[in-house]
Each structure stands twice: as C-alpha cells, then as structure tokens.
Amino acid sequence: MNGRSDKRDVAYAACGMLLGVMAPIGWIILRLILFWDDSQSLAGQVMQDIMGTEQSRYMYTYMCGGTMMVLGLFGFFIGRASQQIHDRALKLDILNREVAEQKASFEQRFTDLDRSIKNFHIINTDLQKSVDRQ
C-alpha cells in the first residue's frame, strides 16, 4: 500500500469512529424528546441518564465503545476498497492514454506506409510507360 491509501483507510475509519461516538448522543437526544422530565434541568437529565445507575454507565460505555469500534472497522474496510477502486481507475486512465498514443502512432505509420505504396505504384507505372515494348 502506498501512503495515500493509508490516509484514506484512516480517514474512513476516523469517520466511522466519529459516528460511533455520536450514537450515545443521538440516544440522549431521542430520550430527552420522548421522556422529558419537567422536574429536572437539561444537564441534570443527561447526567442522571448517563451516571444514574451502574447499568446506564455500562450501556453508554458499550454503546459508545462498541459502536465506535464496529463503525471504525467498517470505515477502514470501506476506505481500503474505495482506495483500491481509485487506484484501479488511475491505472486504467494511464492505460487508456497509452493505448490512444499507440493508436495515433500506428495511424501515422499506416498513412506513411500507404503513401509510400502509392508512390511506389506511381513510379512503377511511370517505369512501365517508359519501357519500349519492342
């Protein structure tokens, strides 16, 4: 792998990890929308939900850490596949350019050869005209 593909792998993994960290934030927002408690402040509700019980702490740890690892791993593999596709496309562009150059070269050779053959026929015709049949 080249350095560029490593960066793409890491970038996609980092984006996946960021999405994993945002999963608990999404749950907190959803919980506040569905189960708002007027007797507590916003910060109090969030802290109570996260730190209220041991079960809540483990749930948020699992939700954040597990999701972050899974999405980071998926991001890494998606980044690697994306880079491979990009590298193949670059190689294909280079190959297409070389084929176009070879095509132009062969067309030039063909026109030169065609012109040479036509000149040969003209010279041959002139030689045949100048020869006395007797």
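The structure displayed is predicted, hence computed values, not measured ones. (Residues numbered from 1 in each chain as written. Predicted model: local features only at pLDDT ≥ 70, side-chain atom pairs only at ≥ 80, totals over all residues. Heavy atoms only, no water.)

1. Considerations on the confidence of the model for the chain
Item 1. Taken residue by residue, the chain gives an average pLDDT of 88. The fraction at 70 or more is 92%.
Item 2. Ranking the helices and strands of the chain by mean pLDDT puts helix α3 (residues 54-130) first, with 91, and helix α1 (residues 3-34) last, with 85. (pLDDT = per-residue confidence, 0-100. Helix = DSSP H or I, 4+ residues; strand = E, 2+ residues; numbered from the N terminus.)

2. Points about the side chain of D49
Item 1. You can see D49 is positioned in helix α2 (residues 42-51).
Item 2. By relative accessible area, D49 is classed as buried at 14%.
Item 3. One polar contact links D49 to Y60, side chain to side chain, over a distance of 2.2 Å.
Item 4. If we skip the residues at most four places from it in the chain, D49 touches W27, R31, S56 and Y60. (Buried < 20%, exposed > 50% of the residue type's maximum accessible area, 1.4 Å probe, protein only. Polar contact = N/O pair within 3.5 Å; in protein donor to acceptor, adjacent residues only side chain to side chain. Contact = heavy atoms within 4.5 Å.)

3. Things to note about the packing of aromatic side chains
Item 1. For the structure shown, the criterion picks out one aromatic pair.
Item 2. Ring geometry for F76 and F77: centres 5.6 Å apart, planes at 70°, overall edge-to-face.
Item 3. By relative accessible area, which is 24% here, F76 ends up partly exposed. (Phe/Tyr/Trp six-rings, centres within 6.5 Å; stacked < 30°, edge-to-face > 60°.)

4. Here we look at the nonpolar core
Item 1. One finds I28, L32, V46, Y60 and M63 forming the largest nonpolar core, which totals five residues.
Item 2. Of all the secondary structure elements, the ones that give two or more residues to this core are α1 and α3.
Item 3. Not counting residues up to four positions away in its chain, the partners in contact with Y60 are P24, W27, I28, D49 and I50. (Core = buried A, V, L, I, M, F, W, Y, C linked by side-chain atoms within 4.5 Å.)

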